[in-house]
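Listed below are the residues making up each chain.
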Amino acid sequence: MTEIDCAIVGAGIHGLCAAFWLSRRGKRVVVLDRHGPGHALGGSHGATRITRSSYHEADLVRLATEAHQDAWPTLERELGTALRAATPGLFFGPPDGPFGDYLRATLAAGVAVEAIPPTTARRLFPLLRIEDDDAVLLDHTAAMILAGKTMERLRSWLHAHGATFGWNMPARNLVADVDSVRIETSSGTVRARSAVVSAGAWSHELEPSMPVTTVLRQEVGYFDLDAPTARTRVGAFPVWARIARANDFVYGLPDHADAGTKAARHVTVGEGTDPDDEPPAIDRLALLDLAREHFAVPVRGLRAAEHCLYAMTPGQSFRVARSPLSSRIVQVTACSGHSFKFGPVIGRAAADLAMDLAVG
Ligand SMILES: Cc1cc2nc3c(=O)[nH]c(=O)nc-3n(C[C@H](O)[C@H](O)[C@H](O)COP(=O)(O)OP(=O)(O)OC[C@H]3O[C@@H](n4cnc5c(N)ncnc54)[C@H](O)[C@@H]3O)c2cc1C
């Protein structure tokens, strides 16, 4: 009988969180990844992420509340450190466009989010360009997730709790039988009582029964604004997004660790790409134009820029389910450019499904 209770394919936020919940329950887990620790080739790298309750669907507001009030606090307690930096959330746009759904779903949910007039929003956050006819939500549940720290601390917590890692060890195939799953990798076969596949943009390639995702490359900029540094930092500067029209969604975050004030377009439609393709050169001029369009103060320059991948799921929905081919394999399909905040909840759902199978 195999010693490993669960093998997790993919060490992004979803895989690491699944490993966390299983380890926390005393299960023996191995985490495999085709790349090395902290690589920048998937969807979970980068120093920061937005978390918010402001959403266009009641289910997502509820999921955010579960993440904020239960899953993230548990993770922070267990890892013994803060993984979120409190800062206001500001979400805005024309009320007769897609932002109308945000207003309806979020304000109806009774979470700590309030509608404020654009004049008040401009007074509170003078570095942002807010139009007179924008509706504005001030989200008191929002925060900046210290994503880089979260990934690093999860890996070290897992090491300290007996989990093993197989870095640069791509899984090639999963074969399940009555009492275990064999994961064939580039460096031999791993056998475990159950497996979780959370391979992000590569999931369908590995498990064809998983939904096809459209992989969209994102470009993120870190800008120098003509403003006092203190005004660009956590607490004074919000996590924000302007949701103007369908597929015209621009977001940003405070300057973290002097990296520059972060902003990017949330690209959710377009020609998919192969996640293994060499990324094209970043369009720095387009990033500067985006910044000049959305900041109300002069943009002195683009300090840095990075690529990142979205795995767009059908309908941008999340799915955590057993494989139709074997109940010993749990499949995680979640990203669409907004699921880091839900990582601890999605990871727990995957761990719950895998748990049943991890017993003797
Ligand atoms: C630019 C950008 C900004 C974002 N901003 C936000 C935000 O503000 N708030 C928010 O909530 N979310 C945000 N997101 C979304 C969020 O970061 C992602 O949804 C999430 O990180 C995806 O995690 P994952 O674990 O599913 O995938 P990944 O992090 O891509 O992990 C999948 C892992 O599987 C590994 N793998 C693949 N194939 C194999 C194989 N065959 N064998 C072994 N390993 C394999 C890969 O190497 C990778 O490490 C953003 C994403 C991007 C790209």
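None of the values given here were measured: they were computed from a predicted structure.

(A) How the structure looks around the overall build of the protein chain. Looking only at helices and strands, the protein chain has 8 helices and 19 strands in total. The C-alpha atoms of the protein chain give a radius of gyration of 21 Å, which matches the 21 Å a tight globule of 360 residues would have. When burial is assessed residue by residue, the protein chain has 56% of its 360 residues classed as buried. By sequence separation, contacts in the protein chain at least 24 residues apart represent 73% of the contacts at least 6 residues apart. With an accessible surface of roughly 14,400 Å², the protein chain has 51% of that area assigned to carbon and sulfur atoms. Seen as two clouds, the 37 positive and the 40 negative side-chain charges of the protein chain have centres 5 Å apart.

(B) View of the packing of helix 1 (residues 13-24) against helix 2 (residues 58-79). Taken N-terminus to C-terminus, the directions of helix 1 and helix 2 make an angle of 65 degrees; their axes are 12 Å apart at the nearest point. Of the possible angle classes, the one that applies to helix 1 and helix 2 is roughly perpendicular. Remark: the crossing between helix 1 and helix 2 carries left-handed chirality. When helix 1 is examined against helix 2, the residues Phe20, Trp21 and Arg24 are found in contact with a partner set consisting of Ala71, Thr74, Leu75, Glu78 and Leu79.

(C) Structural context of helix 7 (residues 284-294). For helix 7, the full list of buried residues reads Leu287, Leu288, Leu290, Ala291 and His294. The buried residues of helix 7 occupy an angular sector of 160 degrees when projected down its axis, which confines them to one face. Check the buried side of helix 7 and you find it contacts strand 13 (214-225), strand 14 (239-245), strand 15 (248-253), strand 16 (261-265) and strand 17 (299-312).

(D) Spotlight on the pattern of salt bridges. On inspection of all chains with the given rule, the structure shows 17 salt bridges. Note that Asp101 and Arg104 form a salt bridge whose closest N and O atoms lie 2.8 Å from each other. Pair noted here: Asp101 and Arg104 are both in helix 3 (residues 99-108), with a separation of 3 residues, about one helical turn. You can call Asp101 partly exposed: its relative accessible area is 35%. For Arg104, a relative accessible area of 54% corresponds to the exposed category. As a salt-bridge pair, Arg122 and Asp132 come within 2.7 Å of each other at their nearest N and O atoms. Highlighted residues: Arg122 in helix 4 (residues 118-124) and Asp132 in the loop between helix 4 and strand 7 (135-139), separated in sequence by 10 residues. A single salt-bridge network, built from bridges that share partners, covers Asp5, Arg28 and Arg193.

(E) Region of the structure containing the sheet that holds strand 7. One open sheet holds the 8 strands; their spatial order is 6-7-5-14-15-16-13-17, and the pairing between them is mixed. Strand pairing shows two members of the sheet lacking a second neighbour, strand 6 (113-116) and strand 17, which therefore form its edges. Shown here is a sheet whose adjacent strand axes are inclined to one another by a mean of 20 degrees, direction ignored. Pairing between strand 13 and strand 16: 4 bridges, direction antiparallel. Bridging from a neighbouring strand, Gly221 pairs with Ala263 of strand 16. Sitting on the sheet, helix 3 touches strand 5 (89-93), strand 6, strand 7, strand 14 and strand 15, and the angle it makes with strand 7 is about 40 degrees. Docked against the sheet, helix 7 engages strand 13, strand 14, strand 15, strand 16 and strand 17, running at close to 105 degrees with respect to strand 17.

(F) Structural context of the sheet that holds strand 4 (residues 84-86). A sheet is described by the order of its strands in space; here 3 strands give the open sequence 3-8-4, paired in antiparallel fashion. Strands at the two margins of the open sheet, each flanked by one partner only, are strand 3 (49-51) and strand 4. Averaged over all adjacent pairs, the angle separating strand axes in this sheet is 30 degrees, with direction ignored. One ladder, built from 3 bridges, connects strand 3 with strand 8 (residues 143-145); its direction is antiparallel. Counterpart to Ile50 in the pairing with strand 8 is Met144. Relative to strand 4, helix 2 is tilted by about 120 degrees, and along the sheet it contacts strand 3, strand 4 and strand 8.

About the thresholds
Sequence order sets the numbering: in each chain, residues are counted from 1 along the sequence as written. Confidence filtering applies because this is a predicted model: local features only for residues at pLDDT of at least 70, side-chain atom pairs given and counted only at 80 or more, and all residues used for totals across whole chains, interfaces and linings. Note that water and hydrogens are dropped before the side-chain values are worked out from all heavy atoms of the structure. Comment: elements are numbered from the N terminus, with helices defined as DSSP H or I runs of at least four residues and strands as E runs of at least two. C-alpha atoms define the radius of gyration in this analysis, and the globule rule sets the expected value at 2.2 Å times the number of residues to the power 0.38. We call a residue buried when its accessible area falls under 20% of the maximum for its residue type, exposed when it is over 50%, and partly exposed in between, using a 1.4 Å probe and counting protein chains only. Whether two residues are in contact is decided by their heavy atoms: any pair within 4.5 Å suffices. Shrake-Rupley sampling with a 1.4 Å probe provides the accessible areas, and residues are treated as covered by the protein chains on show and by no other component. None of His or the chain ends enter the tally, which takes Lys and Arg as positive and Asp and Glu as negative. We put the charge of a Lys on NZ, of an Arg on CZ, of an Asp on CG and of a Glu on CD. Each axis is a line fitted through C-alpha atoms, and for a helix only the stretch in contact is used; angles between axes span 0 to 180 degrees, taken between their N-to-C directions. We call two directions roughly parallel when the angle between them is under 35 degrees, roughly antiparallel when it is over 145, roughly perpendicular when it lies between 65 and 115, and oblique otherwise. Crossing handedness is read from the near helix: turned anticlockwise from the far helix by less than a right angle, it gives a left-handed crossing, and turned clockwise, a right-handed one. Of all possible arcs, the one meant is that of the directions from the helix axis to the C-beta atoms. Salt bridges are defined as contacts in which a side-chain nitrogen from Lys or Arg sits within 4 Å of a carboxyl oxygen from Asp or Glu. Here a strand pair is declared whenever DSSP counts at least two bridges between the two strands.

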